[in-house]
Amino acid sequence: QAVGSYRDACGRVSDRGGSRQQAVSIFSLLSALSAETSPEVLETFSGWLQGEASAVANDIVQSAAKNGEALGVLDEVFVRLSAKQLDEACEAALRGSRTELALLVAQAGEHTSLCVDMQRQVDWLQHRCGDAVDGGRGD
């Protein structure tokens, strides 16, 4: 079964333009994580992955700006949130005059009991503004 899983992983990575070595790396990582792993190792891996995600997010935003194709407000917020960069996502929303979004993003890092309040705010905004929640800007 492991050989079949490996073969499938190689095929999926190759289909997306990746190399066999990338497939091996992905398969090895998934195999290692699926085994019993100590909390210290997982914590170290999580820290490393967070650093890598932040670096990729910064590269995406900076590359777009250098090429004169700055990301739209929502795109930058999405990229920043994907890397758990809540402060930067909030700042991007504020720069784009998306105060409601900035408020929701700022609250996203808070205690989980705020999830219900955040959902109510989103529902209220959608009810109040309907399809015009994006302010008619379309970005």
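Here is what the cut-offs are and how they apply
- Residues numbered from 1 in each chain as written.
- Predicted model: local features only at pLDDT ≥ 70, side-chain atom pairs only at ≥ 80, totals over all residues.
- Heavy atoms only, no water.
- Helix = DSSP H or I, 4+ residues; strand = E, 2+ residues; numbered from the N terminus.
- Buried < 20%, exposed > 50% of the residue type's maximum accessible area, 1.4 Å probe, protein only.
- Contact = heavy atoms within 4.5 Å.
- Areas by Shrake-Rupley, 256 points an atom, 1.4 Å probe, with all protein chains shown as cover.
- Core = buried A, V, L, I, M, F, W, Y, C linked by side-chain atoms within 4.5 Å.

K.L.:
Would you explain the overall build of the protein chain in this entry?
P.N.:
From N to C terminus, the protein chain includes seven helices and zero strands. Along its sequence from the N terminus, the protein chain presents helices and strands in the succession α-α-α-α-α-α-α. Counting only residues that meet the buried cut, the protein chain has 19% of its 139 residues in that class. Residue pairs at least 24 apart in sequence account for 29% of intrachain contacts in the protein chain once pairs closer than 6 positions are excluded. Counting every atom, the protein chain has about 9900 Å² of accessible surface; 55% of that belongs to carbon and sulfur.

K.L.:
Please clarify how the environment of Ile-60 should be interpreted in this entry.
P.N.:
Residue placement: Ile-60 occurs in helix α3 (residues 39–66). A relative accessible area of 37% places Ile-60 in the partly exposed class. Each C-alpha atom of the pair Ile-60 and Arg-80 lies 9.7 Å from the other, and the pair is 20 residues apart in sequence.

K.L.:
How should the nonpolar core be read in this particular structure?
P.N.:
General note: in soluble globular proteins, nonpolar side chains tend to be found buried as a group. Residues Val-73, Val-77, Ala-89, Cys-90, Ala-92, Ala-93, Ala-102 and Val-105 constitute the largest nonpolar core, which totals eight residues. Only α4 (73–82), α5 (86–95) and α6 (99–108) provide two or more residues apiece to this core. Filtering out sequence-adjacent residues up to four positions away, Ala-93 remains in contact with Val-73, Val-77, Arg-98, Leu-101 and Ala-102.

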